[in-house]
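Remarks on the overall topology
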Amino acid sequence: MGRYIINRVFISIPLLLIISLLTFVLINLSPLDPAEVVLQAQGVPKITDELIAQTKEELGMDQPFILRYFDWLVASLQLDFGDSYVTGKPVWSLIGPAFLNTFKLTFVSSVVIIVMSILLGVICALKEGKIVDKSVRGVSFFLTAMPSYWLASIMIWYVSVKFDLLPTSGMDSYKSYILPVIVITISYAGIYFRNVRTSMISNLNEDYVLYGRACGLPEKKITVHILRNSLQVAISIFGMAIPIILGSTVVIENIFAWPGLGSLSVKAILSRDFPIIQAYVLILAAVFVLFNTVSDIVNAAMNPKIRNDL
Amino acid sequence: MRIFKNLSKDKLATISVTVIVVTIIVGLFAPFFAPHDPNQVNMSLRYASSSWEYLLGNDHLGRCILSRIIYGIRPSVLWVLVALFISVLIGAVLGFLSGYFRGKVDAFIMRVCDIMLSFPGYVMTLAIVGILGVGLGNILIAFILVKWAWFARVIRTSVMQYSELEYVKFSKASGISDLKIIYKHLVPVTFSDIAVISSSSIGSMILQISGFSFLGLGIQAPNAEWGMMLNEAREVMFTRPELMLAPGLAIVIVVSAFNFLSDALQVALDPKLLNSKKRPQQKSPTTTVKIQKKEVAH
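Let me begin by describing the structure that accompanies this report. For every chain, the first residue of the written sequence is number 1, and numbering continues from 1 onward in sequence order. Chains carry letters from A onward and ligands carry numbers from 1 onward, assigned in written order. Given that this is a predicted model, residues contribute local features only at a pLDDT of at least 70 and side-chain atom pairs are listed and counted only at 80 or more, while totals for whole chains, interfaces and linings are drawn from all residues. For the side-chain quantities, the full set of heavy atoms in the structure was used; hydrogens and water were omitted.

1. Some remarks on the nonpolar core
Of all hydrophobic cores here, the largest spans 161 residues; its most connected members are Ile-95 and Tyr-280 of chain A together with Leu-217 and Trp-226 of chain B. Helix and strand assignments follow DSSP, with helices taken as H or I runs no shorter than four residues and strands as E runs no shorter than two, numbered in order from the N terminus. The biggest single contributor to this core is helix α7 (residues 136–163) of chain B, with 16 residues. If we ignore the near neighbours within four places in the chain, the residues touching Tyr-280 of chain A are Ile-95, Gly-247, Val-250, Leu-261 and Ser-265 of chain A together with Val-123 and Leu-126 of chain B. We call a set of buried Ala, Val, Leu, Ile, Met, Phe, Trp, Tyr and Cys residues a nonpolar core when their side-chain atoms join them within 4.5 Å. Exposure is judged per residue with a 1.4 Å probe applied to protein chains only, and the accessible area is read against the type maximum: over 50% gives exposed, under 20% gives buried, and values in between give partly exposed. Here, two residues are considered to be in contact whenever any of their heavy atoms come within 4.5 Å of each other.

2. Things to note about the interface of chain A and chain B
Between chain A and chain B, the residue contacts involve 56 residues of the former and 52 residues of the latter. Buried surface at the junction of chain A and chain B, both sides included, amounts to about 4800 Å², of which 73% is carbon and sulfur. Per-residue buried area on chain A facing chain B is highest for Phe-141, Tyr-149 and Trp-150 of chain A; these three make up 14% of the total on that side. Whenever a carboxyl oxygen of Asp or Glu lies within 4 Å of a side-chain nitrogen of Lys or Arg, that contact is scored as a salt bridge. Linking chain A to chain B there are one salt bridge. Arg-194 of chain A is paired through a salt bridge with Asp-263 of chain B; the nearest N and O atoms lie 3.7 Å apart. Residues adjacent in sequence count toward polar contacts only when both atoms are side-chain atoms; beyond that, a polar contact is any pair of N or O atoms within 3.5 Å, and within protein one must be able to donate a hydrogen and the other to accept it. Taken together, the links from chain A to chain B amount to four residue pairs in polar contact (both at pLDDT 80 or more). Under this grouping Gly is polar, as are all residues other than the nonpolar Ala, Val, Leu, Ile, Met, Phe, Trp, Tyr, Cys and Pro and the charged Asp, Glu, Lys and Arg. Along the lines of polarity and charge, the residues of the side of chain A that touches chain B split into 38 nonpolar, 14 polar and four charged. The term buried area refers to how much accessible surface (probe radius 1.4 Å) is lost by two components on association, counted for both of them together.

3. Concerning a nonpolar patch on the surface
The patch calculation keeps residues exceeding 30% relative accessible area without a salt bridge and links them within 9 Å when they carry like charges or within 5 Å when they are nonpolar (Val, Leu, Ile, Met, Phe, Trp, Tyr). Method for areas: the Shrake-Rupley scheme with a 1.4 Å probe, in which residue coverage is limited to the protein chains shown. Where nonpolar side chains cluster on the molecular surface, the patch consists of Met-1, Ile-5, Ile-6, Val-9, Phe-10, Ile-13 and Leu-17 of chain A and spans about 610 Å² of accessible area. Residue placement: Phe-10 of chain A occurs in helix α1 (residues 2–28).

4. Focus: the packing of aromatic side chains
Residues and elements named next belong to chain A. Stacked, tilted and edge-to-face are the three classes applied to pairs of Phe, Tyr and Trp rings, where Trp contributes its six-membered ring and a pair requires centres within 6.5 Å; stacked means planes under 30 degrees apart, edge-to-face means over 60, and tilted covers the rest. Under the definition given, this model contains 16 aromatic pairs over all chains. Centre to centre, the rings of Tyr-69 and Trp-72 are 6.2 Å apart; their planes meet at 35°, and the pair counts as tilted. Note that Tyr-69 and Trp-72 are positioned in helix α4 (residues 65–77) at a spacing of three residues, about one turn of the helix. The two residues Tyr-69 and Trp-72 agree in class, both being buried.

Below, the structure is given as structure tokens:
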């Protein structure tokens, strides 16, 4: 097991390096000259070639590519992502708190999603083909076909405006969490509960269930065994779900004016604030790799068969 | 053709196909079907409710909502289909290359795919749009760049399964050229898999692209697009909530039609799925497909 963990962690290090390189290259591929973008963002009225050259020197952009990448990487590891082109503030002072806010929202939503999907998945698998199963799947089908921002708008209209029960936007108290969490849960639980259900059902047909039944084990005990085995699949799915949700709350955050990464990144894209976009992509990709690694390790801990795959 | 036979037995699938075909035709011939010019501003008709002349009413600039929805089919559905087609094509070419020839080519392509897939798709799309600038074209480019890796991976798995079969080995042994084997023996059998895979991601792609437009990163005003229309409606949401209805419903109907079709396709191609009790154990390839298929649904 120890060897597996070490191997797995070592695999993700080159991956992280390649990701950081790609992120860096991506920004440098931009059709616009960064120096020009900086000047435009700062609202300089007349952009001369002289000014551009001067800004380039200030930003260290006249150095060779590899050197710049290396400097950027070392600085990024120390959470120094440079300064925002628009506001001039350090990127980390903007992205740090935003990341925390998004993480809070993602965490709460993920917990609700995991509980709901396991609950619904187990119920539907045990009642496969019955009315409960069919109606839950039918409803979830339509809910996943709904654009989440549309659902969010409708909810804001009904819950917050018409009945004035919850705040429409912002992040003030625990009440602000309720609506975004519900919308995110509806968009994702419908997908993940299907995974739990399928894996439960395929486990139901395994030989060990037949054997348990033949030995006269009570149905409850058999269900526990099935649950344990199907949760393995669920864990790997959820391990991937959390960073995915983290990366895709963008729309929800914009609707509910949640002061998180999503709102920040969209603003950055609209004003072409490259250092923020760069840091945003790098941080989320790193989190993605981290979660994948952790969920692989947890899976290997639960299922010894996987350990030899590496 | 077995597919069509099986599909036509399924009522829901028939309805979905009809909805999709009608949507595509109406979108293609939008100028013919739209009762008005979608960009014609008519301030005297601001927020007018539905009438015989303007069936779905008018928006905040007095533009005909029905015409805007009809013209909106083009960016919201048709261009998404084009982007999907291109990324499936890239994925298929690379998938066949690596699944059939294996060896170094395979290892290289799969490593590249691994790297591509280690980025969360949504973030990657945002990043590319951030760099190229806002606009529908750039979003579609971003989608193609993000999605091909996943298609390549899945198509490779499918190709590998079939190229292990006896008849393919026999054709190889009897000296038929690789190209001919791929074209004659592999493309027809993997085609159904590719159809299922690509149809399953249309729904989420439509939702995502309309989401980007909703954020103002996609198509720019005054062009009509469903997400964009919802964005415009959001600004007057508290006073005129009814404006959110038509574009939202349009998205829900089209996305559910595609989702139903993809589920029906799966069953039509593999009738065993109808009765899960008899379903054989399916391990990793299908589960990873399922997880990533809806990877970034919203």
